[in-house]
Structure formats: C-alpha cells, structure tokens
There are 4 protein chains.
Amino acid sequence: MSASETEAAIAADRHHEPPAPRSARAIGQRALVGDPVRVAIVGATGYVGAELIRLLALHPHVRIVGLVGRERKGDPIAGIHPHLATRDLKVYDAVPADAEAVFLALPHGAVAGRIDEFLDRGQTVIDLGPDFRLHDPADYPRWYHFEHPRADLLRAAVYGLPELHRAELAAIGRAPGAIVGSPGCYATTTILALAPLARAGLIADLVVDAKSGVSGAGRDPKADLHFGEVNESVKAYGIFTHRHIGEIEQELGALGGEDANPGVRGVDFLPQLVPMTRGILSACHVRPTRPVTQAELDALYRDAYGDEAFITVVDAAPATKHVYGSNEARVWCRVDERNGRVLAIGVLDNLVKGAAGQAIQAFNVVHGLPEPAGLLQLPLAP
Amino acid sequence: MSASETEAAIAADRHHEPPAPRSARAIGQRALVGDPVRVAIVGATGYVGAELIRLLALHPHVRIVGLVGRERKGDPIAGIHPHLATRDLKVYDAVPADAEAVFLALPHGAVAGRIDEFLDRGQTVIDLGPDFRLHDPADYPRWYHFEHPRADLLRAAVYGLPELHRAELAAIGRAPGAIVGSPGCYATTTILALAPLARAGLIADLVVDAKSGVSGAGRDPKADLHFGEVNESVKAYGIFTHRHIGEIEQELGALGGEDANPGVRGVDFLPQLVPMTRGILSACHVRPTRPVTQAELDALYRDAYGDEAFITVVDAAPATKHVYGSNEARVWCRVDERNGRVLAIGVLDNLVKGAAGQAIQAFNVVHGLPEPAGLLQLPLAP
Amino acid sequence: MSASETEAAIAADRHHEPPAPRSARAIGQRALVGDPVRVAIVGATGYVGAELIRLLALHPHVRIVGLVGRERKGDPIAGIHPHLATRDLKVYDAVPADAEAVFLALPHGAVAGRIDEFLDRGQTVIDLGPDFRLHDPADYPRWYHFEHPRADLLRAAVYGLPELHRAELAAIGRAPGAIVGSPGCYATTTILALAPLARAGLIADLVVDAKSGVSGAGRDPKADLHFGEVNESVKAYGIFTHRHIGEIEQELGALGGEDANPGVRGVDFLPQLVPMTRGILSACHVRPTRPVTQAELDALYRDAYGDEAFITVVDAAPATKHVYGSNEARVWCRVDERNGRVLAIGVLDNLVKGAAGQAIQAFNVVHGLPEPAGLLQLPLAP
Amino acid sequence: MSASETEAAIAADRHHEPPAPRSARAIGQRALVGDPVRVAIVGATGYVGAELIRLLALHPHVRIVGLVGRERKGDPIAGIHPHLATRDLKVYDAVPADAEAVFLALPHGAVAGRIDEFLDRGQTVIDLGPDFRLHDPADYPRWYHFEHPRADLLRAAVYGLPELHRAELAAIGRAPGAIVGSPGCYATTTILALAPLARAGLIADLVVDAKSGVSGAGRDPKADLHFGEVNESVKAYGIFTHRHIGEIEQELGALGGEDANPGVRGVDFLPQLVPMTRGILSACHVRPTRPVTQAELDALYRDAYGDEAFITVVDAAPATKHVYGSNEARVWCRVDERNGRVLAIGVLDNLVKGAAGQAIQAFNVVHGLPEPAGLLQLPLAP
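Novice: Whenever I open this one, the overall build of chain A confuses me. Can you help?
Specialist: Scanning chain A from terminus to terminus reveals 11 helices and 15 strands. Computed over the C-alpha atoms, the radius of gyration of chain A is 20 Å, within 12% of the 21 Å expected from 2.2 N^0.38 for a compact globule of 382 residues. Its C-alpha atoms put chain A at 60 × 50 × 45 Å along the principal axes. Across the 382 residues that make up chain A, the buried fraction comes to 65%. Within chain A, contacts between residues at least 6 apart in sequence are counted, and of these 72% link residues at least 24 apart. Working note: accessible area of chain A is about 12,200 Å², and carbon and sulfur atoms make up 52% of it. The distance from the centre of the 37 positive side-chain charges to the centre of the 46 negative ones in chain A is 3 Å.

Next up, the structure:
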C-alpha cells in the first residue's frame, strides 16, 4: 500500500465511504490529473504563514511556488522560521504569476483592495483574513471600521467552513477566480460547537465564553504578549467588540430558519487570553428554546458530524491539548438536568483548524483534491 | 515611624479611616492587649497549609504554636515545604492545647466530626474546608454526599467573607468557640464580583464561567495535574456539579431580598483548569432584571467596595496576575450597550484571598486585630 | 506525484541522493516488496507509547497489529490517549504472534528477562529501554543496579543511533531476531552534539549541562511532576548518577581511537528539569586537546552530518522549539576565541528523536525501508 | 510584640545575634533616628522598577518621595504597573531634590554620565545598572563597548554584594555621596555559589552554565520574548560575550589571593533562557586545584554563610521556585566521588536578590538600617 493509499484509507475509514477520487480540474484549464497544484503564500513571515508552509510543504498534491513577505528579497526561510530550516525555501516580495492558488494571511483590509491582482490571473484566493468572510457590506464598518471596497464580491465569496459549506466550495472550484473567506479561529470553534443546536432552532439565549492561546494574536512583539505578562495570568480582552461576533451571528443565524435562534443575534461573546501558545476552547452556554433530552442532543451531534473527517463528537469534555498541532476539532454537548440549560464545548488548534489547516481543507475541496490531503497529521500530546 | 505604624497607616490610607485599635480580647479570658495570638495549623503539609505558614509566620500579632500533619512526628518544615526552609518549624500529629485559634485545611467531612475537640478548649475554629460554609443541612448531602453530623452548629458558624459578614465575625469573637466557615476560592471570586448586582436585585439570568490555576486542586500528585497534561491545555471539569455552586447560591441568594435575583438559583457555573499555578478569574455573564446604565453600575460597586482594604474596583478588565501572591481581589463591571447584558469579572489568588489570606482576614476580625494585619504584601508581577 | 513519491523526493532532497529503494526483505521469509510491516507496541499506555502510535499509525510501510499494556483487555485508545481518539485502536495484554517487529517502551530490566519470547518468533526487537544499549555487562550493575540476565546478547544488539551505526543496523536486518537498543534521550542529544569532536580526538575535558522537559520522566503522576512544582522552576536531579552517562561514555569513547578523548571517561554530566513538556538542550563544554579553529570545526560537522536527513548543523544557536514534535536534531559548535574552549549544543524532541522517532528510524534501516519513512513531519512552532 | 519587634526578632533568629540598632545617620546631616529615609526610584516603569516599588512601599524605614520615568508627567502607577494599583503613586520625569537615596534601574551607560546630579546633592546612589560595578576602567570598553566617563569614581564605588562587601558598604554610608554598584543577577548567583571555593583557592577550571527566566531581559516587547517563542523552549544566548563575566572574574578573582583560582580568569559562562518569568539557577562545574572531601566543602560553606540572613546552605539541590519572590539565595555544593569534580549550585529570584532586593539590602547597610528591613517576605510557592 502506498502512502497515498494509506492516506486515502485513513480518510475513508473516518468517512465511512471512500474519498472522492481526484478528478480533472478545470481551473484555468491548466491542471491535469496528478499534477501538483502550484500555490503561493502571502504573509509567509507570520505565525499563520509558518503553519501554511509547514502543512503545504508536505501536502501530496501541492507545490509551493512562492512565499511572499513585505520587503523580502529572497531571504531564506531558516532566518525567519528557524523550525522550518530544513526546507529550501526563500521569501520574496511578489506573488508568482503562475500560482494557481494564493493563500493570504494578512491583516484586515489588506486583501479587499488588491483582490483583482489575483482574480485577473484566475488564481483561487484563500483569504485567511476577514475581508471575505462577511456577506453583508454593512458588517465591515460595524466590526472592522472600514468600508469594504469590493462589496460586489461579498456574495460570491464562500465562507470556508467545509463542514457547513462544502457544496458551495466545490461549486466555486469549477470556475477560475474563486474566493474563499477562511473563518476566524474563535468563530470556527464556536460555530462547530453550536451548529447542531442552531439547526434545530434550540438557542434561546447564548453566552460564549472562549479561551485562546496567544498565537492567535500574531507574531508581532507587543507588551501584552511578553512572556512575563502572559505566563501565570488569564485576562479578558476585546470585550463586547470582538470582530468574530459578526461571523458567529452570520453563520449560526443562517441555520434553522429565520429567527429560529433568538439567542444568536446579540450573543454575549467573551474572548480570554490564557497562558498557552495554541488552542481555543469555546464554552457555549445555551438556554434552550424548549426542554431537551440528552438523547436528542446526542442524535443531533451524531447526525451533524458522524461523517466528518475532522470533527469528533466526544464523550468526555475535551481539552485543547487533545487536538494540538492537528486539523481536528472536538465537540461535546450536554444538558444540565439541574436547570435545563445546555452546555456545548468545542476545542481546536487556532493555527490549524482555526487558520492554516482549515484554509487548506477548503482549498482541497475547491480544487477537487481529497479533502483531508495534507492534513492527516495526528495531534501532538503531551 | 515603626513598622506597625506604617502598617496602620497603609491600612488607614486604603480605608479612608483609621483602623480600629486592637482592643482587649475576651476570648477565653486568656489574652491581654499586645500578646500575640497563639495559632495552630492543621493540614500544614498541603498547599493551603504552606500559604497559612507563609503568612502567619510574619503576622505581627500571631505566634504559630503548632503545625499538624497526619502521621508527622516532628518533621522539619524544610523537607515538606522547601521554600519555607528558613523557618525553624516542625510538623507534629496533634494540635497543642494552648492554641487560641486553629486553622484547618482538610478535606470535606474531616472537621465536622471532630469539632468538639476544638470547641471544648475554647479555640476559635477557622475551617478552610466546606464543613461550616453552608447553613442548610440539606446542602451537605446535595453537594458533598454526606450527612452533616453537627447540623446544630451550622447556623452559628459564620461564612468567613469579611466583606459580607464583618459584623457577624466580630460578634462571634466575643465568646469562646467561634466557628468560621472560610469560603471556597471560586465562591469568593464569584460572590465578590456579583454582590453589588445581587444587592440591587439585578440578576435575572446568570452564567459564571470560571478559570483557575491548578494549585486549587491540591498538592497530591494526580494524572491530570501532571505538568505534561496541564501545560498548553485548557479543560472544563466538575461540570454541572461543582460544590461551590452551593455557596454561591446561598450567599448571593441572601442579598437583595427573597427572589430578587431569579438568576442566582440555578446558576450555570463552569469551572475550568488553565495552565497556571495560581489565580482565578470568574467571568460573570448577567442578563439584568431591568435595563441598567454604566453610571448606575459604577455607583453600586463604588458603594460596595470603596472602603474595603482588599477589594479594588478597576477601570480596565483585570488579569489574575495583577493580584498574584496577595490578599487582593479586583472587580470590574460593565454593561454591553449592544445587547443590554452586564459582565462582571473578578480575579484573586486562589491560595490567598481564595483560601489562606481570607481565613487570616476573618481571623483578624474575630480576634479584634487590625483586619489587614499580616496581609499587606503586595502582588508579585511579572 | 503520489504521496510516497513526494516523501521520497523530500528525503532525496535532504540526502542529496535518491533514497534506497525498498528491496525485498528476507526477514522470516514473510515479507514481499510493498507489504506493510506488521508491528506491535508494548508499553502503549505511556508517553513514549503514545508517540509510537502517533507516528506508526501514519507510517506508509507499517501496519500496527497490536498495542500492549499491562492488564488491558481491549480498552479503546480514546480513554488512554484522548488525543489519539480518532484511531480505531484497542490495547490488549499480549503481543500478537504475527508481529514482525516489536517496539518495547518499558522500564529498565523489563525486557532483558523476556527477550526470548520475541526472538523465538523471529521478531525484530526495538527496545526503547536501556536493556540492550550497553555492551559491557558490568555497566548494568553499575548504572542500573541489576545483573543483566542475558549478557550473551549484549554484543549482538546494536545501539540504535543510525547516524553512528547505520551499517550495523542494516546488517542485523538480514537475519531474524535482530535486537536494537534504542538510545536514551539525553545520550542522543549529547552524542550527536559531540561525535564530530570525539572522532577528531578533541575532547580533553568535558562538562555536559543538559536541560529537559518533563515528559522524559514518564507519565506516572509524581509529586515533583505536578504542574505546581514544575512551573516557574528549574532544578537539577540525578546528580552524579544519571544512567545515560554510561551510554555517553560508551559511544563517544569508541570514537577517535582508544584514549583519544580523555575528557569522555569521567564526563561531568548534569541533567536538569525545566518547565516545559518536550525538548532537550545539551550544552557541551569542551576543553580541546589542542587549539582548534572555527573553520576546522565547521568542516568536522559538515562532514559528519551533511548527508544526514535528520541532523542539521545550524549557524545560530538552536532552541528546543525549533525541533518540537519532529525527528530532527540540530547541532551547533563554536570555539570561544577568548579562552580557546569549544562549546557544542544539541537540541531534539526527547519523545521523537530522543525516543519514538529514533526507534522508528532504526527500525526502518533494519527492515530495509526508506530511512525517513513515517518521520517527515516538520517541527511545530510556535 | 509590635511588627518592628517581630521583624527584628525574625532577623535576630536568623543572624543568631541581635541586629544592629538603627543608629543616627549623618548622611547630609538631615536624618534623625526613626525618620524614614526619603528615596526616589529612577526607571520606575520597568520590571526592576516595579520590584523596587513593591518592596520599598512596605519598607518600615523608608518613604518613597519620587518615581521617575522618561517623559512621564504624573502618570498614575495603576496604568503602568496594574499589580501596584492600590498604591497612590505617580511617575514624574525628575528626581526630587530632597531624596536622600536614589535607586537607578537604567540601561548601561545611562548613569555614569549624570552621576554628579546626585552626588552634588549628597544623595546615595544605588545603581542597579552596571556603570559602577567594575573597578577597572578597561573593563567597560571590553564588556560594554563604551569608555567610562567617570573612571575616577570606579574605585570609590562599592560592589553591592553585602555578603562580600558589608564593611565597605557601611563605611561609605558615613559620608554623603556614596555610590553602590548593585550586582548583576547572573553574577550574584554565580559569585554566591562559588565564593567559599574561591576563598579556599580551589577553582582550577570553571564552567558556569546558567539558566534564567525571561524577566531578566526587561519589559520591552521583543520578538524573542513573545510568549509563543519562549514557551516550551530553551535556548542559549549571549554566548561567549555575556557582560556579567566581567563581574564574576573581578569578584571571584579577588578572593583567595592572586592567581589562587586559575579557573576564574577565562571562565566558560553560558547563559540560557528557560520558559519561566523569574529565577536563575547557576550550575557551577569546578575542577578543583586539589582533591577535596565533602566534609571540607560543608565546612567552607557553613563558615561563609552560617550567619547570613539571606543565604541558606541546603542539603538537597535547590530549585529556583524555592526562593520565588523573596530576597533569599540558596547554595549547595558537592564533590563527585566518581571523578573528583565539584558542583556548586546557586538559585535566586533575579528580580529580588538578583536586583531590587539586593539593592535595598545594600542600601540598608549604607544607611545604617537593619539589613533585612523590608526584605523579610517569604518565598512564594507553589
């Protein structure tokens, strides 16, 4: 059995069905079956950029043709990301024209204005920033304090959560210039934990209390990311105003029919920094719209995620360490017999399923590759 | 200015009034003005025991006359708590008869059955376990799964949160055999964060999402306290059943008049372990019983805590590190204009204001000593 | 390009030559080209066992046919290693007879007495404990305090450091019943950092000051592995008596000719615990036997490791995080112009290149598989 | 017993003799018995500045009359050091003229050029930077790359390690304008660990392998102090060139007579960063000038430190956590019977005994105050 067969088998084992064979892709009429997809990474010098390199460098159906960082002129990766020193890669300041797909890990507002550069070449855009996550143009001034310059594209872009939008991702792959708005880390954790409840219209009232490692704040040195400040401390931040609220409301609000979940609009979302590097745990406190039983909850989650390669519904409350370094998410949901409330917990690695891994997963779907390709690495513990 | 004057001045500065002079105590008719109070510590080998030693060893009005640990026969403290090696103290297996006050840091159920041993000698009992925290005997089988053998004493014991029960603590000090049920760490954080809201009858719905360092789980080696398991991980535990819920319901429920705060009974309380040694942050998510303004909240908290030595109402959301190693608690409360909800956050060091320090603070009140005596140490950061 | 081709290409790229094709193996006359090797893991419930599972589960030429843990009767892996919950594996109490290779992660002395059980079946033994690392029977009472019951096998066993013993590992693979004594974590770090100097007979005097994360101490809960004890602390342990000294003296002593390195015998080796989970850094302080230049050192290290897939000679002093979760080691060596001394630093992940990864690397060589198979995962940072 | 009596008693208990009574000080003819000494802190916004405030704010014989930070105009301390928010202090941009002593926590070179500003007012200068640590002007270009502008003062300044220079510190206190060069953190740990050996002329060869928490690198945000970089990592830095080598050579070189310790000049000193906030452990590997017995070592250390308030010679190898937050240092020394080498280990908290605490200790001696005043706080563990 070859490595790719093993990979397929592993994927199949989790899917309970054989993964789709990689079909000929029509994107730009350039790809043939078996050719690796040529990809570029913009924002390659940050933490998310490093994760994209780490994963794409070993992706069986991909070739990295360009790493891009501001004002870089061929700097070896070893000096930028010492852990990747064995890769013979350099960082330049421009995206190669022959890239078929571009992963962009840039601050908000940085992609919206230059999107045509990629679309004009027929490149798939996988934007790991927020510029194409929200469909309503009014959400950009509201959450990000800028007017979106390309509001015309917001409807065509797909929110890159394959567990919710797999068919749409596959659909945009059939034409050049697909745009994926890859979800935020908190949003992914929270939406995955709550989607089965939202679909069933069960969320009357919602408090999401989330805890994240510091890598989500990026690599730039800041006073409050200094080891001396973070270690042995927990603190809340972005109180009442965290930008991922927009995504959470959009995605959960779209499930279960209009106004099915009165608790989603106006969700009480609190992000907190805990002294660790990776990982997010979202504790989602729900007052249900009607009394529910545990059996009902179990069925909802089993139906939603039983066939998903990267989502595991677990029996014991999950820890962030259970998914460290992997593209997995784990979800857990219980009703509290004492007060009738429902608690759903989701965990993931914010840099993988919360960023780089999820972007690659969506890219795989868009490009007709096996969805788990390049993402099979198991969690690292302890 | 002598050290005690400095201490008094510091205390006065924070109280905005001179601290009460240390009056002659009547307890057992044994004490005279100026004599140190003779104290013993039972459970001296654990983390809370170590904190009691650390603080009481330098308490200006106390003399440690006995350290007690199971099956200890004069073991030097250096072998048990290496950080206290400079203290010339030993641990024995019995409480000295001439102790005037006994601090007990023992598992639940361990004090209730032997309380007469202390009361018969007229010793003040400061129980850092839960045996005398709850007033309703029915709460013991409910939260702790045992029938309380001395239900007759539960009403006389005072819940040792000086900020709520100062007068009662002072009152029981006027007769021998006072019993203080020193509060749990999560309960203290949560009650302090919410008391001003509860007094105003503002809590319609309540989710308390709390995060704690691991020292709260005690010193015994356990698989899930192994550094390899805790580091780089967050997880929930004690879900739906944490014992401190009983205290929170009792104390907040007693404020503001009967049924003033429908959200308190049936509080959704979730404890979580984060990778740090000390510190608790309680994020208290409140749906208020009526619309509130920020000015109103500010007034409530200022009135509640303006004169308290150990509680600081802060303008910026507090981090646990801001109170590390000290007896301070910090609270912060804001209304979210977007959805009308209220968020109150409290932080403290679970081993000090959440355990040993608070016990000493209550002891000071009971014994007529200056309330901040022995507790002035400032937080340690970074 | 298939995944296995990608893997081969990546390996080739690092080797600067094509990896050896996987030839027909004669072991037990059972294997044919392309069949996966059937492996079992004994000691599957510990940290090293978990790493073996993590890596072997995705090894392209391996099938796990048995996980073995004391008194286990089919326990699902999810309950033992929650991070591996997506694997459909169970742990039993016996090694399957049809396993071709057995990885043993057991305490010292546990394998020596039962080795015939595996040899009689023609199984390759990869012992991750110390029972077959030392060639001189007298070293066992000296460092491990037991008389070795199978001293007759100590010469035939190969010390499983492929960078030093590749040919011997390949040689024992040509007959059934090969025994590999997989090196200790500290020993691997130290030997790799110093081998080029030892080969050149440069070590006149040697101090090795090593720092390790706590996972090297195993998974059993112990008082000094409690998060509260480890966090924010550094301490030395095993002072003067650490068992890996035997391996270091044996392996470095064999390089460069007899008595070429007077500093090796009697090495001053100090292990220290630092507050992290994974990683070892060995700082090797050498007084050289004669003056050396940096150019000479550079040449020695380049010659030694230029073709090695897993050893990288770096220009900037390496951090343990640079190899986190990977099978890589990094070495760095400099002469101090001020005093003529030489400093060599090595880093690795104690659970991968220091344990499970290295064992798989040696297994690959023994079984004629591509040496990097299953070990290409890149380091995880931040 | 008053607090100051308790403090005196505690100090006396450790000293085995009563502490010297606070005599009338002649400094500037301004002080009377019992008046607090007026002190200012320059560099109050950094980590060392915060520690000075933390300790001096509760010092029984001190009044803080000025906090100074660059371009500060009365900023409340709460915004700069949130953990000190309960102190009613502000930071300004100038040193008050009526301060009797000034603590300076500034980068190297910042004090040398403005020293007259303080001397002209008769203020005691306690410089926590390196400008007055080294006596030989040639050491400044060598280790700090600047020519010292006031080489004339270097001999008059006292190296502020009270355990080695107590008499000199007391002596300079008898005239205005005393200068104390407060030692570096690594230097203190190393010198205290080795002084007894150096005095006995036992150091033939010396490797000092030191590990530090990150607070020693200061508060400014830097890429390599980001939590994501530091956590789960160990690395060496300042290799061959660390500036504290100059202090170590100067101080140890002065003990035991000229050339008594050939290993001191040219010491192999290696600093390393470990993932913790506070603490230094110096492992000092010594090849002795002649064979030594453990009894001899025990006697040397007992004689050196038996009467010291802040140095404890311990039987079990110390961990940095044993002294966390306190002014204590612990030392341990053993001969390795296997190879005749000697290992000395010292630990301390780099911000207290390695910086702020030690500076206050020296200040106390200079100003005739009880040496342990303000420094009695016990270590904080876990």
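Novice: In this structure, what is going on with the packing of aromatic side chains? I would like to understand it.
Specialist: Two descriptors summarise a pair of aromatic rings, namely the distance from one centre to the other and the angle between the planes of the rings. Residues and elements named next belong to chain A. Per the stated rule, a full pass over the model turns up 22 aromatic pairs over all chains. With a centroid separation of 5.4 Å and 80° between ring planes, the pair formed by Tyr-186 and Phe-269 is classed as edge-to-face. Highlighted residues: Tyr-186 in helix H7 (residues 185-199) and Phe-269 in strand E11 (residues 268-273), separated in sequence by 83 residues. In this structure, Tyr-186 and Phe-269 share a single accessibility class: buried.

Novice: How should helix H6 (residues 162-172) of chain A be read in this particular structure?
Specialist: Because the α-helix completes a turn every 3.6 residues, residues three or four places apart line up on one side. All names here are of chain A. All of the buried residues along H6 are Pro-162, Glu-163, His-165, Leu-169 and Ile-172. Burial along H6 is one-sided: seen end-on, the buried residues are contained in an arc of 120°. Where H6 is buried, its residues touch strand E7 (158-159), strand E8 (179-181), H7, helix H9 (244-253), strand E13 (311-313) and helix H11 (352-366).

Novice: Would you explain the nonpolar core in this entry?
Specialist: Residues and elements named next belong to chain B. Membership of the largest hydrophobic core comes to 62 residues, with the highest contact counts inside it found for Leu-194 and Leu-197. Broken down by element, this core gets its largest block of residues, 10 residues, from helix H7 (residues 185-199). With residues near it in sequence (within four places) discarded, Leu-197 still touches Leu-202, Ile-203, Asn-261, Val-286, Leu-297, Leu-300, Tyr-301, Cys-333, Val-342 and Ala-344.

Novice: What should I look at first to understand the pattern of salt bridges in this one?
Specialist: Any two side chains of opposite charge can pair, so long as their charged atoms come close to each other. Inspection of every chain in the model, using the stated rule, returns 112 salt bridges over all chains. The partner of Glu-296 of chain A in a salt bridge is Arg-290 of chain A, with the nearest N and O atoms 2.6 Å apart. The partner of Glu-247 of chain C in a salt bridge is Arg-133 of chain C, and the shortest N-O contact between them spans 2.8 Å. Here the residue Glu-247 of chain C occupies a position in helix H9 (residues 244-253), and Arg-133 of chain C occupies one in the loop between strand E6 (124-127) and helix H5 (139-144), the gap between them amounting to 114 residues.

Novice: What am I meant to see in the relation of the copies chain A and chain C here?
Specialist: Two copies of one chain are present, and they are related through a rotation about an axis combined with an axial shift. With an RMSD of 0.0 Å, chain A superimposes on chain C once it is rotated by 180° and translated 0.0 Å along the axis. Here the transformation between the copies is reduced to the relation of a two-fold axis. Most of the interface of chain A is mirrored in chain C: 95% of its interface residues are interface residues there too.

Novice: Help me understand the interface of chain D and chain C, please; the structure alone is not making it clear to me.
Specialist: When the parts of a complex come together, some accessible area is lost, and that lost area is often taken as the interface size. Contacts between chain D and chain C engage 49 residues on the former and 49 residues on the latter. Regarding the contact of chain D and chain C, the summed buried area is about 3,900 Å², with carbon and sulfur atoms giving 55% of it. Sorting the residues of chain D by area buried against chain C places Glu-232, Phe-240 and Arg-338 of chain D first, and these three jointly supply 20% of that buried surface. On the surface where chain D and chain C come into contact, there are 30 residue pairs in polar contact (both at pLDDT 80 or more). It is strand E9 (residues 203-212) of chain D that contributes the most residues to the side of chain D that touches chain C, five residues altogether. Tallied by class, the residues present in the side of chain D that touches chain C amount to 24 nonpolar, nine polar and 16 charged.

Novice: Before we go on, may I ask you to explain the pairing of strand E15 (residues 342-348) of chain C in this structure?
Specialist: Walk down a regular strand and you will see the side chains alternate between the two sheet faces. All names here are of chain C. Among the seven residues in E15, seven count as buried, and that is most of the element. Residues of E15 alternate between two faces, with Val-342, Ala-344, Gly-346 and Leu-348 on one and Leu-343, Ile-345 and Val-347 on the opposite face, all of them buried. In this structure, strand E12 (residues 280-288) lies alongside E15, joined through seven bridges in antiparallel fashion. Residue pairing for E15: Ile-280 is matched across the bridge by Leu-348. As paired elements, strand E14 (residues 329-335) and E15 share seven bridges and run antiparallel to each other. Pairing of Trp-332 across the sheet is with Ile-345, part of E15.

Novice: Looking at this model, I keep getting lost on the relation of the copies chain D and chain C. Mind explaining?
Specialist: Once turned by 180° and shifted 0.0 Å along the axis, chain D lies on chain C with an RMSD of 0.0 Å. With an isologous cut-off of 70% or more, the 100% of interface residues of chain D that recur at the interface of chain C puts this contact in the isologous class.

Novice: How should I be thinking about the sheet that holds strand E5 (residues 101-104) of chain C in this particular structure?
Specialist: Within a sheet, each strand pairs with its neighbour through backbone hydrogen bonds, oriented either parallel or antiparallel. Residue and element names in this part refer to chain C. Read from one edge to the other, the open sheet built from eight strands follows the order E3-E4-E2-E1-E5-E6-E8-E7, with strand pairing classed as mixed. Looking at strand neighbours, the two that pair on one side only are strand E3 (75-76) and strand E7 (158-159), the edges of this open sheet. As judged from the four bridges shared by strand E1 (residues 37-42) and E5, these two strands associate in the parallel manner. When the bridges of E5 are listed, Ala-40 appears paired with Val-102. Against the sheet, helix H2 (residues 47-56) contacts E1, strand E2 (62-68) and E5, and its axis sits at roughly 160° relative to E1.

Novice: Help me out: how do you make sense of the sheet that holds strand E5 (residues 101-104) of chain A in this one?
Specialist: Residue and element names in this part refer to chain A. Taken together, six strands build an open sheet; the order of strands is E2-E1-E5-E6-E8-E7 and the sheet is parallel. Taken across any chain shown, the strands that pair with only one partner, and hence form the sheet edges, are strand E2 (62-68) and E7. The sheet strands contacting H11 are strand E1 (37-42), E2, E5, strand E6 (124-127) and E8, and the helix crosses E5 at an angle near 160°.

Novice: Quick question: what am I supposed to make of the interface of chain A and chain C here?
Specialist: On the chain C side, the residues contacting the 43 residues of chain A number 41 residues. On the chain A side of the contact with chain C, His-83, Leu-378 and Pro-382 of chain A bury the most area, a combined 19% of that side's loss. Between chain A and chain C we count zero salt bridges in total. At the junction of chain A with chain C, the criterion picks out 10 residue pairs in polar contact (both at pLDDT 80 or more). Partitioned by chemical class, the residues of the side of chain A that touches chain C number 19 nonpolar, 15 polar and nine charged.

Novice: Just checking my understanding: could you explain the environment of Thr-312 of chain D for this structure?
Specialist: You can see Thr-312 of chain D is positioned in strand E13 (residues 311-313). With 17 residues separating them along the chain, Thr-312 of chain D and Ala-329 of chain D place their C-alpha atoms 6.5 Å apart.

Novice: I tried to follow the pairing of strand E14 (residues 329-335) of chain B on my own but got confused; where do I start?
Specialist: Residue and element names in this part refer to chain B. Among the seven residues of E14, six are classified as buried, and the element is accordingly described as predominantly covered. With three bridges joining them, strand E13 (residues 311-313) and E14 adopt parallel strand pairing. Residue pairing across strands places Thr-312 opposite Arg-330, the latter belonging to E14. Between the antiparallel neighbours E14 and strand E15 (residues 342-348) lie six residues, among them Gly-340 with a positive phi of about 75°.

The rules behind the values
Residue numbers here run from 1 along each chain, matching the order of that chain's written sequence. Whichever chain is written first is A, and whichever ligand is written first is 1; the rest continue in order. Where totals are concerned, whole chains, interfaces and linings use all residues; where local detail is concerned, this predicted model gives features only for residues with pLDDT of at least 70, and gives and counts side-chain atom pairs only at 80 or more. Excluded from the side-chain calculations are hydrogens and water; all other atoms, namely the structure's heavy atoms, are used. Strands here are runs of E lasting at least two residues and helices are runs of H or I lasting at least four, both read from the DSSP assignment and numbered beginning at the N terminus. Computation of the radius of gyration draws on C-alpha atoms alone. For the globule rule, the value is 2.2 Å times the number of residues to the power 0.38. For each residue, the accessible area found with a 1.4 Å probe, counting protein chains only, is set against the maximum for its type, and the residue is called buried under 20%, exposed over 50%, and partly exposed in between. For this analysis, residues touch if any pair of their heavy atoms sits within 4.5 Å. In these tables, accessible area is a Shrake-Rupley quantity obtained with a 1.4 Å probe, and a residue counts as shielded only by the protein chains included in the view. We treat Lys and Arg as the positive residues and Asp and Glu as the negative residues; His and chain ends play no part in the count. A single reference atom marks each charge: NZ on Lys, CZ on Arg, CG on Asp, CD on Glu. Note on aromatic pairs: the rings of Phe, Tyr and Trp (six-membered ring only in Trp) are paired at centre separations within 6.5 Å, and the planes decide the class, stacked below 30 degrees, edge-to-face beyond 60, tilted for the rest. For this quantity, the arc is that covered by the directions from the helix axis to the C-beta atoms. Here the nonpolar core consists of buried residues drawn from Ala, Val, Leu, Ile, Met, Phe, Trp, Tyr and Cys, with membership extended through side-chain atoms lying within 4.5 Å. What makes a salt bridge here is a side-chain nitrogen of Lys or Arg within 4 Å of a carboxyl oxygen of Asp or Glu, nothing more. What sets the superposition is a least-squares fit of C-alpha atoms, and only residues with pLDDT of at least 70 in both copies go into it. Buried area adds together the accessible area that both of two parts lose upon being put together, with accessible area traced by a 1.4 Å probe. Two N or O atoms count as a polar contact when they lie within 3.5 Å, although within protein this holds only if one can serve as hydrogen donor and the other as acceptor, and sequence-adjacent residues are included solely when both atoms are side-chain atoms. Three classes are used: nonpolar for Ala, Val, Leu, Ile, Met, Phe, Trp, Tyr, Cys and Pro, charged for Asp, Glu, Lys and Arg, and polar for all others, with Gly counted as polar. Note: two strands are recorded as paired if DSSP finds a minimum of 2 bridges between them. Axis angles are defined between N-to-C directions and span 0 to 180 degrees, where every axis is a line fitted to C-alpha atoms and, for a helix, only to the segment in contact.

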